[in-house]
Amino acid sequence: MAETTPIPPPEHAPYGPLPTGGTVRPITRWGTPVMHRAQEPVTAFDEELRSLVADMVATMYAADGVGLAACQIGVDKAVFVFDCPDESGERTVGVVCNPELTLPEGKDRNLDDSDEGCLSFPGAFVELARPDRASVTGQGLDGEPVSFAGDGLLARCLQHETDHTRGTVFGDRLPTKARKKLTKEHDRVAEDYPLDWPASDR
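In what follows, the accompanying structure is described. Remember, it's a predicted structure, so these values are computed and weren't measured experimentally.

1. Looking at the side chain of Asp112
In step 1: On the secondary structure map, Asp112 appears in strand β5 (residues 111-112).
In step 2: Among the polar contacts listed, one links the side chain of Asp112 to the side chain of Ser114, at a separation of 2.6 Å.
In step 3: Look past the residues within four positions of Asp112 in its chain and what remains in contact with it is Leu128, Ala129, Arg130, Asp132 and Arg156.

2. Description of the packing of aromatic side chains
Centre-to-centre distance and the angle between the planes together describe a pair of aromatic rings.
In step 1: Within this structure, the stated rule accounts for 6 aromatic pairs.
In step 2: The interplanar angle of 75° and the centroid separation of 5.6 Å between the aromatic rings of Trp30 and Phe170 together place this pair among those described as edge-to-face. Linking Trp30 in the loop between β1 (11-12) and α1 (47-62) with Phe170 in the loop between α2 (152-165) and α3 (176-188), this pair joins segments that are 140 residues apart in sequence. For the pair Trp30 and Phe170, a shared accessibility class is recorded, and that class is buried.
In step 3: Both rings, one in Phe82 and one in Phe148, keep their centres 5.0 Å apart while their planes meet at 90°; by these two values the pair is edge-to-face. Taken together, the residues Phe82 in strand β3 (residues 79-85) and Phe148 in strand β10 (residues 145-151) connect sequence positions 66 residues apart.
In step 4: For Phe82, a relative accessible area of 0% puts it in the buried group.

3. Overview of the pairing of β10
In step 1: Only one face of β10 is covered, namely the face carrying Val146, Phe148 and Gly150; the face carrying Pro145, Ser147, Ala149 and Asp151 is uncovered.
In step 2: Direction of pairing for strand β9 (residues 133-139) relative to β10: antiparallel, over a ladder of 7 bridges. If you follow Ala134 over to β10, its bridge partner there is Gly150.
In step 3: Joining the antiparallel neighbours β9 and β10 is a turn of 5 residues, in which Gly143 adopts a positive phi near 90°.

4. As for unusual backbone geometry
In step 1: Trp197 connects to Pro198 through a cis peptide bond whose omega is 0°.
In step 2: On the secondary structure map, Pro198 appears in the segment after α3.
In step 3: At Asn98, a position not held by glycine, the phi torsion is positive, near 55°.
In step 4: Inspection of the secondary structure assignment puts Asn98 in strand β4 (residues 91-102).

5. Focus on the state of the cysteines
Every disulfide links exactly two cysteines, by a covalent bond between their sulfur atoms.
In step 1: Under the counting rule described, the total for this entry stands at 0 disulfides.
In step 2: Unpaired in terms of disulfides, Cys84 finds its nearest cysteine sulfur in Cys157, a separation of 4.3 Å.
In step 3: Assessed through its relative accessible area of 0%, Cys84 is described here as buried.

6. Examining the environment of Arg130
In step 1: In this fold, Arg130 is placed in strand β8 (residues 130-131).
In step 2: Assessed through its relative accessible area of 4%, Arg130 is described here as buried.
In step 3: Remark: the alpha-carbon pair of Arg130 and Asp192, spanning 62 residues in sequence, is separated by 29 Å.
In step 4: Once residues within four sequence positions are removed from consideration, Arg130 is found in contact with Asn110, Leu111, Asp112, Glu116, Arg156, Gln159, His160, Asp163, Phe170 and Arg173.
In step 5: At a separation of 2.9 Å, a polar atom in the side chain of Arg130 contacts the side chain of Glu116.

7. Details of the pairing of β9
For a regular strand, the rule is simple: side chains alternate between the two faces of the sheet.
In step 1: Residues of β9 alternate between two faces, with Ala134, Val136 and Gly138 buried on one and Arg133, Ser135, Thr137 and Gln139 left unburied on the opposite face.
In step 2: The pairing of β4 with β9 spans 4 bridges and is classified as antiparallel. Directly across from Leu101, in β9, lies its bridge partner Val136.

8. Overview of the nonpolar core
It is characteristic of soluble globular proteins that their nonpolar side chains tend to be buried jointly.
In step 1: If you look at the biggest cluster of nonpolar residues, it comprises 28 residues, and the most contacted ones within it are Trp30, Phe82, Phe170 and Leu182.
In step 2: Among the elements of the structure, β3, β10, α2 and α3 are those that each provide at least two residues to this core.
In step 3: Among the elements that line this core, the one with the most residues is α2, at 4 residues.
In step 4: Within the second largest apolar cluster, 21 residues are counted, among which are Leu52, Leu68, Val81 and Val93.

About the cut-offs
Residues numbered from 1 in each chain as written. Predicted model: local features only at pLDDT ≥ 70, side-chain atom pairs only at ≥ 80, totals over all residues. Heavy atoms only, no water. Helix = DSSP H or I, 4+ residues; strand = E, 2+ residues; numbered from the N terminus. Polar contact = N/O pair within 3.5 Å; in protein donor to acceptor, adjacent residues only side chain to side chain. Contact = heavy atoms within 4.5 Å. Phe/Tyr/Trp six-rings, centres within 6.5 Å; stacked < 30°, edge-to-face > 60°. Buried < 20%, exposed > 50% of the residue type's maximum accessible area, 1.4 Å probe, protein only. Pairing = 2+ DSSP bridges. Disulfide = S-S within 2.5 Å. Core = buried A, V, L, I, M, F, W, Y, C linked by side-chain atoms within 4.5 Å.

Now the structure itself:
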């Protein structure tokens with residue numbers, strides 16, 4: 001997921017820091033088949049997974065994002081990473097494999113229509129109404145249960161990245177007029193984001 005403003009401190013890492021030492025990879029774009037199908041569950045919690053996640057983290061930071069799913073670097077695995085602030089500005093970092101999303105219902109459900117962007121459709125943002133709170137459960141790098149919840153941008157990020165693991169890009173949730181606006185903005189700045197971005201910037 002893309003962000004428009006700098007991320008403020010401090011950092012909340014309930015399951016430990018994100019892996020480091022990864023390689024920045026080109027970000028896969030909308031229209032690539034892996035972006036539009038449900039991802040394969042993570043079943044092996046091994047060094048290969050840890051290396052993949054380290055690359056995802058490096059790529060997310062290089063692209064100035066707040067979240068990134070494996071499909072966004074072309075890998076068909078249901079896992080995402082994030083470093084994202086909530087409504088109060090506190091940053092939470094985490095890794096979620098095989099995410100399950102829970103959203104408020106009934107009188108507890110309130111929508112936030114803030115701008116949203118995606119690193120796989122870079123440079124473009126448009127309003128999208130989503131629930132203003134969200135929680136996700138899944139597994140961490142070692143297969144242990146993990147759970148994250150939040151409001152503000154963090155709630156949006158958890159929804160956006162879980163969508164990616166199910167083959168949904170946020171453009172799929174937009175009405176036609178908003179989708180056209182997003183595409184026009186993307187096309188206007190496309191030359192700033194070559195196909196090997198952000199690896200090309202290293």
